[in-house]
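Here is what each chain is made of, one letter per residue.
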Amino acid sequence: MTKSIILSIETSCDETAASVIKNGNEIISNEVVTQMMTHKKFGGVVPEVASRQHVEVMTQVIDEALSNANMTMDDIDAIAVTEGPGLIGALLVGVASAKALAFSHQKPLIPVHHIAGHIYANHLIKPLQFPLIALIVSGGHTELIYMKNHLDFEIIGETRDDAVGEAYDKVARTIGLSYPGGPEVDRLAQIGKDTLNFPRVWLEKDSYDFSFSGLKSAVINTLHNKKQKNEEIVKEDVATSFQNSVVEVLVGKTMSAVKEYNVEHLIVAGGVAANKGLRSTLEKESNKLGIELSVPPLNLCTDNAAMIGSVAHFLYENNRFSDMKLNGKSSLDIETFN
């Protein structure tokens with residue numbers, strides 16, 4: 001088995017992160033600087049602001065990752081960095097930093113797919129067991145991915161419009177919650193009632209694709225109608241009704257895929273994997289089917305560099321390196337990544 005100590009960098013959105021990972025499954029250090037409070041006043045991430053803030057703290061975060069690991073660049077076998085997808089300006093800060101380190105210290109450079117990173121966040125807790133189904137739920141992505149082996153990604157379902165995280169943020173704004181809206185909607189959903197009977201969007205029979213745009217519109221239209229009639233809007237009930245619709249569809253399609261593809265390991269990845277309603281329902285349904293469910297701890301659900309280092313270990317094993325022409329990519333197909 002190949003051994004590795006990898007310094008990894010992640011700057012795809014509004015977290016500046018660096019980590020030192022050993023053998024793809026041991027976190028030696030994991031540093032994250034979030035910009036959440038900066039973007040909160042804008043109601044969402046402002047790409048130009050995110051890029052500037054990455055520049056301001058990138059060197060500091062890398063130094064802290066090495067210092068907290070009690071290592072120097074001499075101890076590092078390779079440099080890994082998120083190539084995409086993500087905000088192009090933000091990605092370029094990480095890529096430029098990784099290239100500079102790789103060039104100056106003569107280390108291999110490993111480009112990593114951001115969504116592959118979210119999947120491999122689970123590997124940092126327990127080894128991935130193949131074949132498996134991965135449910136990706138985040139602000140920009142909602143996908144079902146089938147994996148037969150390491151670095152083998154087959155998309156069997158994806159969103160046709162809004163990602164689930166986007167839908168959460170838009171609904172949160174509609175009921176007057178601040179950014180990021182997902183955690184607040186989840187909190188309110190725990191105490192509200194499902195009184196509004198929002199639609200469940202299943203699309204065509206046997207389709208594993210998702211669509212949340214219609215649900216989002218249904219929520220907005222319902223609230224506008226209530227306001228026009230001077231009817232009371234109970235935020236907790238809106239949150240519960242919305243979340244129940246989302247969770248029912250996500251879990252329903254995921255469990256159908258688990259059965260069809262005959263897998264015994266289901267993993268959940270991405271920021272929305274922190275959602276309590278989704279976690280509890282997936283756990284209940286997984287227990288019914290007798291399959292293993294893996295969900296990362298909260299600190300590994302959101303963007304971090306440890307997950308990038310985990311993927312990079314397997315790329316390192318296969319000598320999957322890049323030259324100095326590496327560039328950030330705002331969109332990047334995970335199926336062609338391997």
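Residues numbered from 1 in each chain as written. Predicted model: local features only at pLDDT ≥ 70, side-chain atom pairs only at ≥ 80, totals over all residues. Heavy atoms only, no water.

### Remarks on the overall build of the protein
(1) Moving on: Assigned secondary structure in the protein consists of 11 helices and 10 strands.
(2) Moving on: Against the 2.2 N^0.38 benchmark of 20 Å for 338 residues, the protein shows a C-alpha radius of gyration of 20 Å, consistent with a compact globule.
(3) Moving on: Each of the three principal axes of the protein carries a C-alpha extent, and together these read 65 × 45 × 30 Å.
(4) Moving on: Taken over 338 residues, the protein has a buried fraction of 53%.
(5) Moving on: Long-range pairs, those at least 24 residues apart, make up 75% of the contacts in the protein with a sequence separation of at least 6.
(6) Moving on: In the structure as shown, the protein presents an accessible area of about 14500 Å², 47% of it carried by carbon and sulfur atoms.
(7) Moving on: The average position of the 30 basic charges and that of the 42 acidic charges among the side chains of the protein differ by 5 Å. (Helix = DSSP H or I, 4+ residues; strand = E, 2+ residues; numbered from the N terminus. Rg over C-alpha atoms; globule rule 2.2 N^0.38 Å. Buried < 20%, exposed > 50% of the residue type's maximum accessible area, 1.4 Å probe, protein only. Contact = heavy atoms within 4.5 Å. Areas by Shrake-Rupley, 256 points an atom, 1.4 Å probe, with all protein chains shown as cover. Lys, Arg positive; Asp, Glu negative; His and termini not counted. Charge placed at Lys NZ, Arg CZ, Asp CG, Glu CD.)

### Quick word on the nonpolar core
(1) Moving on: If you look at the biggest cluster of nonpolar residues, it comprises 43 residues, and the most contacted ones within it are Ile133, Phe242 and Leu250.
(2) Moving on: Listed by contribution, the elements that provide at least two residues to this core are strand 6 (132-137), strand 7 (142-147), helix 5 (164-174), helix 6 (181-189), helix 7 (213-228), helix 8 (235-260), strand 9 (265-269) and helix 9 (276-289).
(3) Moving on: Among the elements that line this core, the one with the most residues is helix 8, at 11 residues.
(4) Moving on: The contact partners of Leu250, leaving out residues within four places of it in the chain, are Leu135, Val137, Thr142, Val164, Phe210, Phe212 and Leu278.
(5) Moving on: If you look at the next biggest cluster of nonpolar residues, it comprises 33 residues, including Ala78, Val112, Tyr120 and Ile136. (Core = buried A, V, L, I, M, F, W, Y, C linked by side-chain atoms within 4.5 Å.)

### Things to note about the layout of surface pockets
(1) Moving on: The space that makes up the largest pocket amounts to roughly 1300 Å³.
(2) Moving on: Every element with two or more residues in the lining of the largest pocket is listed here: strand 3 (26-34), helix 4 (114-120), helix 5, helix 6 and helix 10 (298-301).
(3) Moving on: It is helix 5 that contributes the most residues to the lining of the largest pocket, 6 residues altogether. (1 Å grid on protein atoms, 1.4 Å probe; cavity = no way out; pocket = protein on both sides within 12 Å on 5 of 7 lines; lining within 4 Å. Points joined across faces, edges and corners; volume = space filled by probe spheres on them.)

### Focus on the sheet that holds strand 7
(1) Moving on: Read from one edge of the open sheet, 5 strands run 8-7-6-9-10, paired in mixed fashion. Edge strands, defined here as strands with exactly one partner in the open sheet, are strand 8 (154-158) and strand 10 (292-294). Pairwise comparison of adjacent strand axes, ignoring direction, gives a mean angle of 20 degrees for this sheet.
(2) Moving on: Pairing analysis gives 4 bridges linking strand 7 to strand 8, with the strands arranged antiparallel. (Pairing = 2+ DSSP bridges. Axes fitted to C-alpha atoms, helices over the stretch in contact; angles between N-to-C directions.)

### Side note on empty space enclosed by the protein
(1) Moving on: Counting across every chain of the model gives 1 cavity of 30 Å³ or more.
(2) Moving on: Size it by volume and the largest cavity reaches roughly 30 Å³.
(3) Moving on: Along the walls of the largest cavity sit Pro199, Arg200, Val201, Ser211, Phe212, Leu215, Ser245, Val246 and Val249, which together make up its complete lining.
(4) Moving on: Of all the elements, helix 8 adds the most residues to the lining of the largest cavity, at 3 residues.
(5) Moving on: Per-class residue counts for the lining of the largest cavity are 6 nonpolar, 2 polar and 1 charged. (Nonpolar A, V, L, I, M, F, W, Y, C, P; charged D, E, K, R; others polar.)

### Focus on the packing of aromatic side chains
(1) Moving on: The tally for this structure, following the rule as stated, stands at 5 aromatic pairs.
(2) Moving on: Judged by centre distance (5.5 Å) and plane angle (50 degrees), the rings of Tyr120 and Phe314 are tilted. Highlighted residues: Tyr120 in helix 4 and Phe314 in helix 11 (residues 306-317), separated in sequence by 194 residues.
(3) Moving on: Of the residues examined, Tyr120 reaches a relative accessible area of 0% and is grouped as buried. (Phe/Tyr/Trp six-rings, centres within 6.5 Å; stacked < 30°, edge-to-face > 60°.)

### Thoughts on the pattern of salt bridges
Close approach of charged atoms lets side chains of opposite charge pair.
(1) Moving on: Tallied over the entire structure, the rule returns 11 salt bridges.
(2) Moving on: In this structure, Lys170 and Asp162 form a salt bridge, with 3.3 Å as the shortest nitrogen-oxygen distance.
(3) Moving on: Among the salt bridges present, the one from Lys216 reaches Asp162, with a minimum N-O distance of 3.3 Å. Of this pair, Lys216 sits in helix 7 while Asp162 sits in the loop between strand 8 and helix 5, and the two are 54 residues apart along the sequence.
(4) Moving on: On the accessibility criterion, Asp162 (9% relative accessible area) is buried.
(5) Moving on: Members of the salt-bridge network, linked through shared partners, are Arg160, Glu204 and Asp209. (Salt bridge = Lys/Arg side-chain N within 4 Å of Asp/Glu carboxyl O.)

### Remarks on helix 9
(1) Moving on: The end-to-end C-alpha distance of helix 9 is 20 Å, a good match for the 20 Å that 14 residues give at a rise of 1.5 Å each.
(2) Moving on: The elements touched by buried residues of helix 9 are strand 6, helix 6, helix 8, strand 9 and strand 10.
(3) Moving on: With a side-chain oxygen lying 3.0 Å from the backbone nitrogen of Gly277, the N-terminal cap of helix 9 falls on Asn275.
(4) Moving on: Phi for Gly290, located one or two positions after helix 9, is positive at around 75 degrees. (Expected span 1.5 Å × (residues − 1). Polar contact = N/O pair within 3.5 Å; in protein donor to acceptor, adjacent residues only side chain to side chain.)

### A word on the sheet that holds strand 2 (residues 15-22)
(1) Moving on: Spatially, the 5 strands line up as an open sheet ordered 3-2-1-4-5, and their pairing is mixed. Edge positions in the sheet fall to strand 3 and strand 5 (109-113), since each of these pairs with one other strand and no more. Adjacent strand axes in the sheet meet at a mean angle of 20 degrees when their direction is disregarded.
(2) Moving on: The sheet contact formed by strand 1 (residues 5-10) and strand 2 spans 6 bridges and is antiparallel. Bridge pairing in strand 2 links Ser8 to Ser19.
(3) Moving on: Taken strand by strand, helix 2 (residues 47-68) contacts strand 1, strand 2 and strand 3, and its axis lies near 25 degrees from that of strand 2.
(4) Moving on: The sheet contacts of helix 11 involve strand 1, strand 2, strand 3, strand 4 (78-84) and strand 5, and relative to strand 1 the element is tilted by about 130 degrees.

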